[in-house]
Amino acid sequence: ERMKRFRRHGQESHRDRIKQELYQFNKTVEHGFPHQPSALGFSPSLQLLAIGTRSGAIKLYGAPGVEFMGLHDENAAVTQIHFLPHLVSGLSTHTHPISYLIWSCCCAPPSVTRVTAVLAHSSGELLLLGTEGGHVFVVEVPGFRELEDHPVFLLSCSIPEEYGGRRSLEHVESLQENPANPQQVLIGYGRGLMVIWDLDCQSAVKHILATQPLESVWWTEDGLRVLSSHSDGSYCRWSVAGLDTQSEQEKSEVPYGHFPCKAISKVIQLPTKQGPPFLLFSGGMPRASYGDRHCITVIHSKTHVALDFTSRIIDFFVIRDGPDQPSALVVLVEEELVVIDLQTEGWPVIQTPYLVPLHCSAITCSHHVSAIPLKLWERVLSAGEDVRLSWTLNPWPITGGLNLSPDPPQRDLLLTGHEDGTVRFWDASGVCLYPMYKLSTAGVFHTDADPNDNMNQCTEGEWPPFRKVGCFDPYSDDPRLGIQKIHLCKYSGYLTVAGTAGQILVLELNDESAEQAVEATVADLLQGQEGFRWKGHTRLEVREEPVLFPPGFQPFALVQCQPPAVVTALTLHSEWKLVAFGTSHGFGLYDYQQKNNVLVRCTLNPSDQLAMEGPLSRVKSIKKSLRQSFRRIRRSRVSLRKHHVNNAAKLQDANARLEAELAEMELAPVQRKIEARSSDDSFTGLVRTLYFADTFLSDSSHNTPSLWAGTNGGSVFAYQLRLPSVERRAEDLVTAHPAKEIQLMHRAPVVAILVMDGHGSPLPEPLEVAHDLARSPDMQGSHHLLVISEEQFKVFTLPKVSAKMKLKLTAIDGSRVRRVGVAWFGSSCSEDYGESGLTVLTNQGDLHVVSLPGVKMQVHHPCIRREDVSGIASCVFTKHGQGFYLISPSEFERFSLSARCVVEPRSLVEVPHQTPTSLSRAQPDGASEYRYEQPERLHNQPQPSRCMFHDDQLITTVTYHCSSLMGFSSSCASGDPEISRRRSAVSIRP
């Protein structure tokens, strides 16, 4: 016995080492556009873009693949971001940032000292803070120490007489540095007064008196003029040259007419080498006619364009290749980042390699395909070429840092289905999620949209001269178009998609345009059952006339389910030319080569009237819910009374069986009692999963093609398929015959079905063996059927379908299975070793890996908050142990359970750290350019670390050295579900 214990301990230690080599949990990168952005910054010296969010996150982006992220401890919005030579600061007004510091030093109440404007001085040593009470403070950075030789000053003593007897100046609206003389600062007050202040003399040099409330100010490059924008939709140009203490107004203009206009919130004027300057401003639209538009106007020479965005403008800045060379306009709006090429005629859009708005239309489903063959990859890229022709050929203008990530080992696709009936193809091979191709299914049906309607065209002579930019479009012409299920065969190029109104499209990849009609085949899932009346939405009307489809995936077959309920399960077998589909009423099998239904099976429970209402009618009534609850209580009491009858007579047999089971198995952990679900529960006939397998159904010597279906009521149906020979496939019909039916004891919903061959390996995908990418399955030994329900994993032998083993989940910890995937986990220490396993996500947000074929729990990690129901529902697994889930409507979080297969940012940023010897013009966003002497090493050897934004002792400003902000490490990834943030392994080199 002692030797046995030692031997078992040694085996467990060996297995633990293997687990460490196979499994490692990391949250690696966030794909998409930050949710609820609130601030924008740019560093010309580092060539880094920064975006702050309302949740307190700051994200930095450089060249494609160079990404960093930091998170403030408190859930407070970042309202301003400023780059200095050696720090990045974000300002959160909700917690009175810096105000406590000012209050401590000056004994001024926080309400008076709330910061409203910040100027990062080009010296890199000073931060000027304008407050709500009209004060301006000068602070030394990075220590945030108030300078004694720059005392806190108030300008009430310098106010002109005409302002003296009137109300207060209000808050400091804007602070701007003189590009020709860094010692002069322009202070703009909300009421309209602007003051030029000399930092050396500590006195006002000049006053600018505006009659309208101030929105923003801009100082021209030569330092001779100031531009101000105002709340009435006007901007003014002021001359500040000369010795006069009061400036004269040169020009005041309301660009968009004499009717009341909205405020111009920001104005910029940039010189060019030849010709007039660029003038850019946001807002200013006529309030009555276009007050709901979000516009930035760009004027250069005779070209005047009002760029019209579909969401609110957060901020914008201009990137310049030189002092007189504006090259790109970068605009952050609430739902996307848009970059305009100012060097190319027509000012086209520059395609963003990251920050792509995944939610151009709301994401409704996703599908991942690993290891795409090169030929298919190139054809998909070619199909998306038409869209790329509208983009500029100029490269991405933000180039900071170096991407040190190795080339992806394989080509991976992520397909997302959307509410407007589109399917988008994304390159998910590396750190950047890059758009490749967009497929639209709306052209097959009659909708309210006009196909000739081009939102980007503007009528000649229209005023204002609008031009639609950006791709975010939250409005769907018809919610029935929404894509619910996707399945792509990477070997044959066949794609099938299913929608909200019971439509299933089969598409084939074509490199040329084609005009063709799509014929619909109706699948009546009710099978003539009486007493049911569909109360939901109607089916989509299919176009009878031929439709011109562009190059790419083109539909050639359509199945329409009746009733037109949401398609809940879908699978494709391209070798057999079959598509299986399921709804809440039943499932069907369609032969897309001969375009006919092979099988239609109704699974609807006679008592389930709720399944006839549809998702777009009304929700489940509370009255029915309560009635069903009382029925369950009564049934449990009745069964309990019946159980006590003749209990004494059965006690001895029960004890004998219990002793026999305990003798054969190890002592299980304490299990909770799981009551069997009633067949009267709603949606018991809903089909959850469909699966094709070539296995043994009738006897152990003849394998046949089969279709398996699992329902919400714990039923599994197996059909034996008879396929004609290859020579007769086009003439003879495919037939399906019932073979097996399993009813799980607790009626738990069946989430997935899997067949394992004689070696215990999952059966390969269709055509995978034919392309020499997988070994042929073992057809000599006995096959096993794995049925995965929400509560347990149960293995049956085939063809007898007798239970062999099971792994309970709900009875142990109360969780239920929500998502399952089959993955291959390669060893991080040996290229030749790996194991198959199941990746499992539960309703608690926990990730599990279950071994195959032994069905034993291997690892367990918390990943998603249990309250994040949409995140759990959106999870999709890859074939190599990774996964994606939505952390917001616009962002995917990528994670990995594999020790070998990890996709994460690895970047290097050259951080200059010198004393600036010359001062140059600050960028409009507050970023500054610098020239340095004699490099000084920051770190002999960078030490990556987990980065979080922690509060200082006195302030809650998000302020960190670049080396601290950028020093993320993937090795410190936490399993904390509260921190769904990326850790990036980087190097910092001075």
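The residue numbers shown here count from 1 along each chain, following its written sequence. Whole-chain, interface and lining totals are the exception, using all residues; otherwise, since this is a predicted model, local features are given only for residues with pLDDT of at least 70 and side-chain atom pairs are given and counted only at 80 or more. Side-chain descriptors were evaluated using all non-hydrogen atoms of the structure, hydrogens and water having been removed beforehand.

An unreviewed UniProt entry lists the protein chain under the name Lethal giant larvae homologue 2 domain-containing protein, from Esox lucius. UniProt positions are given in the numbering used here, feature names are shortened, and annotations may be inferred rather than shown by experiment. Quoted straight from UniProt, the Sequence similarities (unreviewed entry) entry for the protein chain says "Belongs to the WD repeat L(2)GL family."

(A) Up close: the overall build of the protein chain. Put simply, DSSP marks the helices as runs of H or I at least four residues long and the strands as runs of E at least two long, and each gets a number from the N terminus on. Secondary structure assignment for the protein chain yields 11 helices and 64 strands. Looking at the protein chain residue by residue over its 990 residues, the buried ones come to 54%. A sequence separation of at least 24 residues applies to 60% of the contacts in the protein chain between residues at least 6 apart. Note that accessible areas follow from Shrake-Rupley with a 1.4 Å probe, and for residues the cover is restricted to the protein chains shown. On the protein chain, roughly 43,900 Å² of surface is accessible, and the fraction owed to carbon and sulfur atoms is 49%. Buried, partly exposed and exposed residues are distinguished by accessible area as a fraction of the type maximum, computed with a 1.4 Å probe on protein chains only: under 20%, between the cut-offs, and over 50%, respectively. The contact definition used throughout considers only heavy atoms, calling two residues in contact when any of these lie within 4.5 Å.

(B) Looking closely at the sheet that holds strand β53 (residues 817–826). Here, a strand pair is defined by DSSP locating no fewer than two bridges between the strands. Read across the open sheet, the four strands follow the order β53-β54-β55-β56; overall the sheet is antiparallel. Looking along the sheet, the strands with just one partner apiece sit at the ends: β53 and β56 (857–862). Along the sheet, successive strands turn relative to each other by an average axial angle of 20°, direction set aside. Bridge analysis of β53 against strand β54 (residues 834–842) gives nine bridges, and the strand direction is antiparallel. The residue of β54 that forms the bridge with Phe825 is Glu835. To obtain an axis, a line is fitted to C-alpha atoms, over the contacting stretch when the element is a helix, and the angle between two such axes runs from 0 to 180 degrees between their N-to-C directions.

(C) Region of interest: the sheet that holds strand β18 (residues 235–239). Judged by pairing direction, the sheet is antiparallel, and its four strands sit side by side in the order β16-β17-β18-β19 without closing on themselves. For this open sheet the edge positions go to β16 (214–219) and β19 (248–253), each flanked by a neighbour on one side alone. Averaged over all adjacent pairs, the angle separating strand axes in this sheet is 20°, with direction ignored.

(D) Up close: empty space enclosed by the protein. Cavities and pockets were defined on a 1 Å grid built over protein atoms only: a cavity is a set of grid points that admits a 1.4 Å probe from which the probe cannot escape, a pocket is an open set flanked by protein on both sides within 12 Å along at least five of seven lines, and lining residues are those with an atom within 4 Å of any such point. Grid points are joined across faces, edges and corners, and a volume is the space filled by probe spheres set on the points. Within this structure, the stated rule accounts for five cavities of 30 Å³ or more. Volume-wise, the largest cavity comes out at about 80 Å³. Every residue along the wall of the largest cavity is listed here: Glu30, His31, Gly32, Tyr61, Glu67, Tyr354, Leu355, Val356, Leu358, Val431, Cys432 and Leu433. Sorting elements by how many residues they give to the lining of the largest cavity places strand β1 (residues 23–32) first, with three residues.

(E) Structural view of the UniProt feature "repeat: WD" (unreviewed entry) in the protein chain. In the UniProt entry, the feature "repeat: WD" (unreviewed entry) is given for residues 409–427. Summarising residues 409–427: 0% helix, 63% strand, and an end-to-end C-alpha distance of 13 Å.

(F) A look at the pattern of salt bridges. Any carboxyl oxygen of Asp or Glu within 4 Å of a side-chain nitrogen of Lys or Arg constitutes a salt bridge here. Counting across every chain of the model gives 22 salt bridges. The partner of Arg114 in a salt bridge is Glu132, with the nearest N and O atoms 3.3 Å apart. Taken together, the positions of Arg114 in the loop between α2 (99–106) and β8 (115–120) and Glu132 in the loop between β9 (126–131) and β10 (136–140) put the pair 18 residues apart, joining distant regions of the chain. By relative accessible area, which is 25% here, Arg114 ends up partly exposed. Taking relative accessible area as the criterion, Glu132 reaches 35% and is therefore assigned partly exposed. The partner of Asp308 in a salt bridge is Lys468, with the nearest N and O atoms 3.7 Å apart. In this pair, Asp308 sits in strand β23 (residues 303–309) while Lys468 sits in strand β33 (residues 466–468), placing the two residues 160 residues apart along the sequence.

(G) Inspection of unusual backbone geometry at higher detail. Residue Pro563 follows Gln562 across a cis peptide bond; omega there is 0°. Positionally, Pro563 belongs in the loop between β40 (552–562) and β41 (569–573). The residue after Leu852, namely Pro853, is reached through a cis peptide bond having omega 5°. Within the fold, Pro853 resides in the loop between β55 (846–851) and β56. One non-glycine residue with positive phi stands out, namely Leu355, at about 60°. Mapped onto the secondary structure, Leu355 falls in the loop between β27 (349–350) and β28 (363–369).

(H) Looking closely at the environment of Leu505. Relative to the helices and strands, Leu505 resides in strand β36 (residues 503–510). Accessibility expressed as a relative area gives 3% for Leu505, which makes it buried. Placed 52 residues apart in sequence, Leu505 and Ala557 show a C-alpha to C-alpha distance of 5.9 Å.

(I) Local environment of the environment of Leu279. Mapped onto the secondary structure, Leu279 falls in strand β21 (residues 278–283). Here Leu279 falls in the buried class, since its relative accessible area comes to 8%. If sequence neighbours within four positions are ignored, Leu279 has contacts with Leu227, Tyr235, Val267, Ile268, Gln269, Thr297, Val298 and Ile299.

(J) Geometry of the packing of aromatic side chains. Pairs were defined over the aromatic rings of Phe, Tyr and Trp, the Trp ring being its six-membered one, requiring ring centres within 6.5 Å. Orientation was assigned from the angle between planes: stacked under 30 degrees, edge-to-face over 60, tilted for the rest. Under the defined criterion, the tally for this structure stands at 22 aromatic pairs. The interplanar angle of 75° and the centroid separation of 5.0 Å between the aromatic rings of Tyr23 and Phe825 together place this pair among those described as edge-to-face. Of this pair, Tyr23 sits in strand β1 while Phe825 is found in strand β53, placing the two residues 802 residues apart along the sequence. You'll find Tyr23 and Phe825 in the same group, each marked buried. Ring centres of Phe425 and Tyr437 lie 5.1 Å apart, and the angle between their planes is 50°; on these two criteria the pair is classed as tilted. In this pair, Phe425 sits in strand β31 (residues 422–427) while Tyr437 sits in strand β32 (residues 434–440), placing the two residues 12 residues apart along the sequence. Since its relative accessible area comes to 8%, Tyr437 is described here as buried.

(K) Up close: the pairing of β28. Among the seven residues in β28, five count as buried, and that is most of the element. Looking at chain direction, β28 and strand β30 (residues 413–418) are connected through six bridges and run antiparallel. Bridge pairing in β30 links Cys365 to Gly417.

(L) The arrangement of the pairing of strand β2 (residues 37–43) in detail. With respect to burial, β2 is a largely interior element, seven of its seven residues being buried. Bridge count for β2 against strand β3 (residues 48–53) is six bridges, and the pairing is antiparallel. Counterpart to Ser43 in the pairing with β3 is Leu48. Connecting β2 to the next strand, β3, in antiparallel fashion are four residues, including Gln47 with a positive phi near 55°.

(M) Fine view of the side chain of Ser122. In this structure, Ser122 sits in the loop between β8 and β9. Any pair of nitrogen or oxygen atoms within 3.5 Å is treated as a polar contact; in protein, a donor-acceptor pairing is required on top of that, and neighbouring residues in sequence qualify only through side-chain atoms on both sides. Among the polar contacts listed, one links the side chain of Ser122 to the side chain of Glu177, at a separation of 2.5 Å.

(N) Spatial organisation of the state of the cysteines. Here, a disulfide means two cysteine sulfur atoms that sit within 2.5 Å of each other. Tallying each qualifying case throughout the model produces zero disulfides. Not part of a disulfide, Cys875 finds its nearest cysteine sulfur in Cys863, a span of 7.0 Å. Here Cys875 falls in the buried class, since its relative accessible area comes to 5%.

(O) Focus on helix α5 (residues 374–383). All of the buried residues along α5 are Leu376, Trp377, Val380 and Ala383. Along the long axis of α5, the arc covered by the buried residues comes to 125°, so they all point the same way. Buried residues along α5 sit against α6 (385–388), β30, β31, β32, β36 and β40. The directions from the helix axis to the C-beta atoms are what the arc is built from.

(P) Up close: the confidence of the model for the protein chain. For every residue, the predictor states its confidence as a pLDDT score lying anywhere from 0 to 100. Of all residues in the protein chain, 77% attain a pLDDT of 70 or more, and the chain-wide mean is 82. Confidence drops under pLDDT 50 across residues 637–645; counting only partners more than four residues distant or on other chains, this segment forms zero contacts.

(Q) Representation of the environment of Tyr61. Looking at the secondary structure, you find Tyr61 in strand β4 (residues 57–61). With a relative accessible area of 3%, Tyr61 lands in the buried category. The spacing of Tyr61 and Thr399 is 338 residues in sequence and 8.8 Å in space, taken between C-alpha atoms. Discounting chain neighbours no more than four positions away, the residues touching Tyr61 are Pro34, Gln47, Leu48, Leu49, Val66, Glu67, Tyr354, Leu355 and Ile398.

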